[in-house]
Each structure stands twice: as structure tokens, then as C-alpha cells.
Amino acid sequence: MIFFTKYLFLIIGLIYTGGFFLLLPETNKNQEGNYFSPNDMAFDQKSNVVYVSGLTAKQIKRIDLTTNISTTVLNTNLPPKALAISNGKLLTACSYSEGELLISDLKTLKTEAVIKLGHGACDVVVSPNGNKAFVANQFSNDISVVDLHTNKELSRIPVLRQPMVIEISKNGQYLFVANFLTAGRADIDTVSAEISVIDLETEKVIKNIPLANGSNALRGMSLSSDGNYVFISHNLGRFQVPTSQLEQGWMNTSAISVINAKTIEYSATILLDEPENGAAGSWGIDCTLEHITVAHSGTHDFSVIDYPKFIEKLNKTEDKNTLSYDLRFLSDLRKRIKVNGNGPRIIKNIGNHVYVANYFSDAIDIIDLNNPGSSHFAKISLNENLVIDSVRLGEIYFNDATYCFQDWQSCNGCHPDNARTDGLNWDLLNDGIGNPKNCKSLLLAHETPPAMISGIRPTAEIAVRAGFTHIQFAQIEEGHAKAVDKYLISLKAIPSPFLVNGELSPKAQIGKQVYDKAGCKYCHSGNWHTDMKQHEVGTQGKYDRQNKWDTPTLDEVWRTGPYLHDGRSTTIKEVLFYEKHGLKNNLLEEELDQLVEYVLSL
């Protein structure tokens, strides 16, 4: 029976909205690079080709749109995150921890320069005159300014938290930066990610524009073709209510926010969901004079919105604040079109054709908008030997909202960006209603039980299954749940931006000694810097039903703010001041700073 079950994986396929995946037997682990994982596209319309970056394969493919044949033209040392084309050059932003920008000649496809950038380089745009490139560095929280004549980084512009996507205004005056997560505390009434606006003449942030309350996971950004608006796709968490249902977007909805590019003012947030059909995992967004297109990675489709009618209706709406709750605003303005694959993340428009890169299917769908009801115009495979192992399968389930009631959300909804945190407080039903807790990263969740900040679930395995039952309101098959377990166990911490060449800085080395001296190991011990027990640290709130909390791992703590069970602290230094930590009066200010440097280096 065991022999039969193991090899049954070889002959079972999974149908995902038309896409077929072959499964590997559990003992035959897929090696990194067997997946392409398309995560950006750049079009060279003069040559009628498109370049596609493969995150997992660490490759760039060139597709001839006349023949739809793809060819690998560039291998990268680091995972490629974003592409841009300017003045006969292909620009590739790459990063694992420290980032770099590759400058390659489009004719020879030879890399002419490698420019070192900040931690987590993830998006790149070029100024209208082609003189400078701007690169978002997700984890060093800044924007690199690169001179494309000398191929040197000139400066870095600090922004808020995790700049994920950037867009430059049509006149080159402003750079709009979508900060992926909220930058403040979570235990307040209004919690939102913001758009940083940089004046490119002074290279300084002149404004931070908050989006609608609950906005997080800002994944896509596009400037309208007329240059009048900036559109941002993101998640909208209804964190102020108990998670007792999903109907009408009660817990999570998907949205696009609108910024007036001329006045640099927030205009509105528009829901992409329908009353009984979510559009979870909204990701890439692109604009033409006729359409706004938005990819919905969790529901395997995309929206085509009539741009002129959208703007007309928006301008006629007197109270735009109501739109972030209006599930019918787009009802007469858009169509939703299914893709053939799984996980559409990047979407681009060329003429009347829409190009959709399906992350988990390793393929690009091309749809003719003149006849969207017909079969797809074409499908371009980026990986002829796609085989899915159990870890990748778990990642697929984790990001797939079609297992959820009415497709409102996937696990990714609260744990975006590779199962980390959305930074919000949620009033889950795990331990009763009325005592919200901050969302935890799932890194090391299986290795460091119990699960949840309250320790309410003895193991992460139990928490995974409870999450599907009580948060997605669905029963998942045990085989699916085991695959999700394997995916979460496979997660690896990214090296901290506080490290210097992969090592502790001199300040952090002293901080390690302070860590031992101050007795931090009493609770934060072992390989994962946690004793996996509950402790009272003087943070019990008015509505909390307990005063002891699970000791979190300190691995990757630089990435997981805000801190404490209710997200009341925005910095590690604030955490150290609470009663039971008792370090404010026991350490010198210099020692506190050294300790913080060490903890943030883990």
C-alpha cells in the first residue's frame, strides 16, 4: 500500500483552471531551478520581443512574438526581480539579500555592468530622458539612484517600509513608491500602507500618502497612459471586526487605489471583488488609454476595466470614501477573464492583446481583447518540463483562494510575501472574540511550537488546518494540508540587512555580549532563539484574557514588526522597555543600542 501511494503521485495530475501539473513522488525532491516562476516582463516593441524574468530559475528568457518561441538569453547569480528597457539596454534588478542591477546590451545580450545596490532590490524604472535608473530596495527601505552613463550608484533615498514597486510620473518630476506594509504600530484605529512621493529634482520624499484603512501588501503599480493617475493594486484588510464570516468581503478584500498624479493627492480606493465572488491576490496592474487590467493571482483570472468610463464614474462620485466598501462600483465597467494557468501575477498590455504571466504554470497567456470570449490567442510555455513536488504544491495551495468560501482570500491574504506578516492585528476566533492579536510570520512556525502568539494551537500543523476551517471557511483535504506544512517548513530566513558582508558588525558583536549579560537567553535560547514557552512581559491589555505570551523566534525579527502581541511597538528598542524585559534601567543607552543591533542582525 505504501509503495502504491508513493508512486501514485507520478500519475495523478491537478487541474488548475485549465493548467496541468505533473506531481513528483514525495521522495524525489525538486531542485531549485526546475521552476521558472515568471515574475516580470519587459517589451521591446521595436524588435517585437518580450523579455521575461524567472525568479526561481535565475534566468531571463527572450520571446519572439512572431513565432512565440522562447530562448534563455541570460543567467543571473541572484534571483531576478524586475526588468526595464532603455536606450538599447536591458536592466535587471536582482537580489537575495544584497541587490544588484545588471546592465545588458540588447543586441549582444552581454552584461556590461553589475552595479551593487541595497538589500532586496525588487523593482526598477528609468527616467524619461534615460539618464538615471531608480531601484526599490525592499529591505533596506530605500531607493537607489543609478547614473546610466557611468553605471554607478549615486545615492539612496530613504522611504517608509519595504518599497515594493515604483513608478515615475510622465514628466519625470515625481517618483511614486508603494511601500508594501504599514510602518507604524498596529493597535490604533487607522493602520495603512502609504505611497511615498519623491521629488526627483531634490531627491527627497515630499509626501507620504496613506491609502484606505487596512491597506497592505501593495504589489502592483501603474501610471495611466495619459499620465493623470497612478493606480496601486493591494489587499484591504477589515481588521477592525471579528473574523466571524467572509460574506461581502467581511475579512479581506482586493482593491486598487487611485492617486492623482498631478496634485499628488489620494483620490479613492475601489474594490475589485464582486458581492459574492472575491478577486483575491490582486497583483500586477497595467494601463492603456482604453483599459486598466489587473491580475488576480489567487482566483486565476484578471479584470479588464473600461478606463474612460471608470474615470468618468469616479469623478461623478461625490463621497469617494464610500467606494472602499462598494462591491458594485465596477459592475458595469469591467469583465473578468479566466486564464489557462495558475497564479497570474504579472500583466502587460500591448495593443489589444493582454499578456499574463502565470507564476506557478511557468507560462504566458496571450488574450485578444477584441474577442475575449473566444479561446486564448496563444500560450507560451517557459518550462517544457514542469514537474511539481510536494513543497511547490504546498506553496500553490497557500496562494490559491479558490479553496476558500467564495474565493475571498488565501493564506497569502494575511501572510503575504512568502508567508510572512501583513502587520495588522486580527480578532480571530481561536481564543474568543474581542482580543485582537498581531499577525505572526510563519517562518519557523513548525519548528517552534506552540503556534499563534497566544499559544492556542499546540502545533503549526494543527494551526494550518484550523486556518482553513475557521479563516477560509473551508475543509481542506489532508493531503493538501500536509503539502502546506512542507512548504512552510521549507522557508528560509533571508540574511539581515544589518549584517556586514554576511557577518555581525562590530557594534552587533558587542551587542551579542550584552545579550548574554542581560539574560536574554533565559527566554530567547536555542537554535531558534526561543524557549518555546509562554512568559509574562507586562503587556497585558484591557481586553486580553491572558497575561503570558508565546516567546517568538528572533530569527528575521528585523522584518516582522510591529512587535509584541498587539503590535504596539514599532521598534525593538521599544520592546526592551517593557516591564519584564526590564532593560531600560539595567543597561546604558549605548548598551541598549548595541543589543538592538545584534537582535536585528539575527
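Residues numbered from 1 in each chain as written. Predicted model: local features only at pLDDT ≥ 70, side-chain atom pairs only at ≥ 80, totals over all residues. Heavy atoms only, no water.

> What is the right way to read the overall build of the protein from this model?
Secondary structure assignment for the protein yields 9 helices and 35 strands. In the protein, buried positions account for 58% of the 602 residues. A fraction of 52% describes how many contacts in the protein between residues 6 or more apart in sequence connect residues 24 or more apart. Total accessible area on the protein is roughly 24700 Å²; 51% of this is exposed by carbon and sulfur atoms. Each charge sign in the protein was given a centre, from 56 positive and 68 negative side chains, and these centres are 2 Å apart. (Helix = DSSP H or I, 4+ residues; strand = E, 2+ residues; numbered from the N terminus. Buried < 20%, exposed > 50% of the residue type's maximum accessible area, 1.4 Å probe, protein only. Contact = heavy atoms within 4.5 Å. Areas by Shrake-Rupley, 256 points an atom, 1.4 Å probe, with all protein chains shown as cover. Lys, Arg positive; Asp, Glu negative; His and termini not counted. Charge placed at Lys NZ, Arg CZ, Asp CG, Glu CD.)

> For this particular structure, what's the right way to read the sheet that holds strand E16 (residues 174–179)?
In any sheet, the strands associate via hydrogen bonds between backbone groups, in a parallel or an antiparallel arrangement. Spatially, 4 strands are ordered E15-E16-E17-E18 in an open sheet, and the strand pairing comes out antiparallel. The sheet is open, and its two edges are formed by strand E15 (163–168) and strand E18 (204–210), each paired on a single side. Across the sheet, the axes of successive neighbouring strands diverge by a mean angle of 25°, strand direction being ignored. For E16 and strand E17 (residues 194–199), the ladder comprises 5 bridges, and the chain directions are antiparallel. Within the sheet, the bridge partner assigned to Tyr174 lies in E17 and is Asp199. (Pairing = 2+ DSSP bridges. Axes fitted to C-alpha atoms, helices over the stretch in contact; angles between N-to-C directions.)

> It is not clear to me how the sheet that holds strand E26 (residues 334–338) should be interpreted in this structure. Could you clarify?
The strand order E23-E24-E25-E26 describes an open sheet built from 4 strands, whose pairing is antiparallel. Of all strands in the sheet, those with a lone pairing partner are strand E23 (282–287) and E26, marking the two edges. Neighbour-to-neighbour, the strand axes of this sheet turn through a mean angle of 20°, independent of strand direction. Together, strand E24 (291–296) and strand E25 (301–306) form the strand contacts of helix H2 (residues 307–316), whose direction differs from that of E25 by roughly 65°.

> Honestly, helix H5 (residues 460–470) in this entry has me stumped. Any pointers?
What sets the pattern is the α-helix's 3.6 residues per turn: residues three or four places apart point alike. Considered for burial, the residues of H5 that qualify are Ala460, Ala463, Val464, Ala466, Gly467 and Phe468. Residues of H5 that are buried make contact with helix H6 (478–490).

> Explanation requested: the confidence of the model for the protein in the structure shown.
As a note on interpretation, predicted positions should not be read in detail where pLDDT is low. Here the protein shows a mean pLDDT of 92. Residues at 70 or above account for 93%. Contacts of residues 24–33 to residues separated by more than four positions or lying in other chains number 24 contacts, the stretch itself having pLDDT below 50. (pLDDT = per-residue confidence, 0-100.)

> Quick question: what am I supposed to make of the environment of Asn438 here?
As for its position among the elements, Asn438 is in strand E33 (residues 437–438). Here Gly423 takes part through its backbone oxygen, which lies 3.5 Å from a polar atom of the side chain of Asn438. (Polar contact = N/O pair within 3.5 Å; in protein donor to acceptor, adjacent residues only side chain to side chain.)

> Sorry, what's going on with the packing of aromatic side chains here?
Two descriptors summarise a pair of aromatic rings, namely the distance from one centre to the other and the angle between the planes of the rings. Counted according to the given criterion, the structure contains 11 aromatic pairs. Ring geometry for Phe139 against Trp558: centres 5.2 Å apart, planes inclined by 85°, an arrangement best described as edge-to-face. Linking Phe139 in the loop between strand E12 (132–137) and strand E13 (142–147) with Trp558 in the loop between strand E35 (549–550) and helix H8 (572–576), this pair joins segments that are 419 residues apart in sequence. For the pair Phe139 and Trp558, a shared accessibility class is recorded, and that class is buried. A centroid spacing of 6.3 Å and a plane angle of 65° characterise the contact between Tyr174 and Phe176, whose relative ring orientation is edge-to-face. Residue Phe176 is classed as buried on the basis of its relative accessible area of 0%. (Phe/Tyr/Trp six-rings, centres within 6.5 Å; stacked < 30°, edge-to-face > 60°.)

> Would you mind going over the pairing of strand E9 (residues 98–105) with me for this structure?
Moving residue by residue along a regular strand, the side chains alternate between the two faces of the sheet. Of all 8 residues in E9, 7 are buried, a share of seventy percent or more. Across 7 bridges, strand E8 (residues 89–95) lies against E9 in antiparallel orientation. The residue of E9 that forms the bridge with Leu91 is Ile103. Once E8 ends, the chain turns through 2 residues before running back antiparallel as E9. In this sheet, strand E10 (residues 111–119) lies alongside E9 in antiparallel orientation, the contact comprising 6 bridges. Its bridge partner being in E10, Glu100 is matched across the sheet by Lys116. Hairpin connection between E9 and E10: a loop of 5 residues separates the two successive antiparallel strands, and Leu109 in this loop has a positive phi of roughly 55°.

> Even after reading the chapter, I still don't get unusual backbone geometry, so can you show me in this structure?
Glycine aside, residues mostly have negative phi, and peptide bonds are mostly found in the trans state. Of the consecutive residues Pro449 and Pro450, the connecting peptide bond is found in the cis state with omega at 0°. With respect to the helices and strands, Pro450 occurs in the loop between E33 and H5. The omega torsion of the bond from Gly561 to Pro562 falls at 0°, within 30 degrees of zero and hence cis. Note on placement: Pro562 falls in the loop between E35 and H8. Positive phi values are uncommon outside glycine, yet Asn418 reaches one of about 60°.

> Could you clarify how one ought to interpret helix H3 (residues 390–399) in this entry?
Counting buried residues in H3 gives 9 out of 10 residues, a clear majority hidden from the surface. Listed in full, the buried residues belonging to H3 are Ser390, Arg392, Leu393, Gly394, Glu395, Ile396, Tyr397, Phe398 and Asn399. The residue sitting at the N-terminus of H3 and contributing the capping side-chain oxygen is Asp389; that oxygen lies 3.3 Å from the backbone nitrogen of Val391.

> Please clarify how the side chain of Ser324 should be interpreted in this entry.
For Ser324, the location among the structural elements is in the loop between H2 and E26. Classification of Ser324 by relative accessible area gives buried; the value is 9%. When residues no more than four places from it in sequence are discounted, the contact partners of Ser324 are Ala212, Leu236, Arg238, Thr269 and Leu271.

> Whenever I open this one, the pairing of E13 confuses me. Can you help?
Counting buried residues along E13, 6 of its 6 residues qualify, which places the element largely inside the surrounding structure. Burial along E13 is two-sided: Asp142, Ser144 and Val146 and Ile143, Val145 and Asp147, pointing in opposite directions, are all buried. Of the strand pairs in this sheet, E12 and E13 are connected by 6 bridges, and their pairing is antiparallel. In the strand pairing of E13, Ala136 is matched with Ile143. The loop that links E12 with its antiparallel partner E13 comprises 4 residues; one of these, Asn141, has a positive phi angle of about 55°. Between E13 and strand E14 (residues 152–158), which pair antiparallel and follow one another directly, the connecting turn spans 4 residues, one of which, Asn151, has a positive phi of 55°.

> How should I be thinking about the state of the cysteines in this particular structure?
Here a disulfide denotes one covalent bond, and it connects the sulfur atoms of two cysteines. A full pass over the atoms with the stated rule returns 0 disulfides. You can see Cys287 has no disulfide; the closest cysteine sulfur is in Cys122, sitting 20 Å from it. Unpaired in terms of disulfides, Cys439 finds its nearest cysteine sulfur in Cys414, a separation of 5.6 Å. We classify Cys439 as buried; its relative accessible area is 10%. (Disulfide = S-S within 2.5 Å.)

> I tried to follow the environment of Trp558 on my own but got confused; where do I start?
On the basis of relative accessible area, Trp558 is assigned to the buried category, the value being 12%. Each C-alpha atom, one on Trp558 and one on Val596, is 9.9 Å from the other, the two residues being 38 residues apart in sequence.

> Help me out: how do you make sense of the nonpolar core in this one?
The tendency in soluble globular proteins is for nonpolar side chains to be buried side by side. Ranked by size, the top nonpolar core spans 35 residues in total, and within it Phe134, Ile143, Leu175, Phe176 and Ile195 carry the most contacts. For this core, the elements supplying multiple residues, two or more each, are strand E11 (121–126), E12, E13, E15, E16, E17, strand E19 (215–223) and strand E20 (229–237). No other element matches E16, which puts 5 residues into this core. In this structure Phe176 touches Val165, Ile166, Glu167, Ser169, Ile195, Ser196, Val197, Met221, Val230, Ile259, Ala261 and Ile264, once residues within four positions along its chain are discounted. (Core = buried A, V, L, I, M, F, W, Y, C linked by side-chain atoms within 4.5 Å.)

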